[in-house]
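Chains, contacts and geometry: an overview
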Amino acid sequence: MEKVLKVFPASRWPLVQGVSLTLIGIAMLLVFAQSHWNLIAAIMLVISARSCWSVYRGVQRQSQRATTDEERLDANWQLMQLMLAVVSVLSLCILFLRSGRCT
């Protein structure tokens, strides 16, 4: 018997995409606040946010064009990987900022 891959139904992917982008935004805001509202941090975060937005829009288009659940999962997997990578790096930034090593 062939194993069937369980994925979110098509109607749920916009919610998953939105939550992913929101988590990235919250992490960026926390880094900005932890940097004591530093202008250089703001500029770097805006550049990162624009890149994340670009990936998000590409994934959104691919997801809308997908006709099967597997294609939808493949399209959205990029966004999930981006979210994990960005949130992990931003969490590391928060850790360094709180420890006082980056002041």
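See the structure above.
For every chain, the first residue of its written sequence is number 1, and the numbers climb from 1 along that sequence. Local features in a predicted model are, by the rule used here, given only for residues with pLDDT of at least 70; side-chain atom pairs are given and counted only at 80 or more, and totals for whole chains, interfaces and linings are based on all residues. Neither water nor hydrogens contribute to the side-chain values; these are computed over all heavy atoms in the structure.

Every helix listed is a DSSP run of H or I at least four residues long, and every strand listed is a run of E at least two residues long, numbered separately from the N terminus. Regarding its fold elements, the protein presents three helices and zero strands. What you see in the protein, going N to C, is helices and strands ordered as α-α-α. Relative to its full complement of 103 residues, the protein shows a buried share of 28%. Across the protein, contacts joining residues at least 24 apart in sequence account for 68% of those joining residues at least 6 apart. Here the term buried applies to any residue with accessible area under 20% of the maximum for its type, exposed to any over 50%, and partly exposed to those in between, with areas from a 1.4 Å probe on protein chains only. Here, residues are in contact when the closest pair of their heavy atoms is within 4.5 Å.

This brings us to the packing of helix α1 (residues 13-34) against helix α3 (residues 69-99). Orientation is described by lines fitted to C-alpha atoms, with helices fitted over the stretch in contact, and by angles between N-to-C directions that extend from 0 to 180 degrees. Relative orientation of the contacting elements α1 and α3 amounts to 15°, with a least axis distance of 9 Å. In terms of orientation, α1 and α3 fall into the roughly parallel class. Here α1 runs over α3; the crossing is left-handed. The residue classification treats Ala, Val, Leu, Ile, Met, Phe, Trp, Tyr, Cys and Pro as nonpolar and Asp, Glu, Lys and Arg as charged. All others, Gly included, are polar. Residue composition of the contact of α1 with α3, grouped by class: 18 nonpolar, four polar and two charged. To sort the angles, those under 35 degrees are grouped as roughly parallel, those over 145 as roughly antiparallel, those from 65 to 115 as roughly perpendicular, and the leftovers as oblique. Helix crossings fall into two classes, left-handed where the near helix is turned counterclockwise from the far one by less than a right angle and right-handed where it is turned clockwise.

Our focus in this paragraph is the pattern of salt bridges. Any two side chains of opposite charge can pair, on the condition that their charged atoms come close. Salt bridges, as used here, are contacts in which a Lys or Arg side-chain nitrogen is within 4 Å of a carboxyl oxygen on Asp or Glu. Using the criterion set out here, one finds one salt bridge in the structure. A salt bridge links Asp-69 to Arg-72; the shortest N-O distance between them is 3.2 Å. Of the two residues, Asp-69 and Arg-72 are both situated in helix α3; the distance of three residues between them amounts to about one turn of the helix. When its relative accessible area of 39% is taken as the criterion, Asp-69 is described as partly exposed.

Read these as spatial facts, not as claims about activity.
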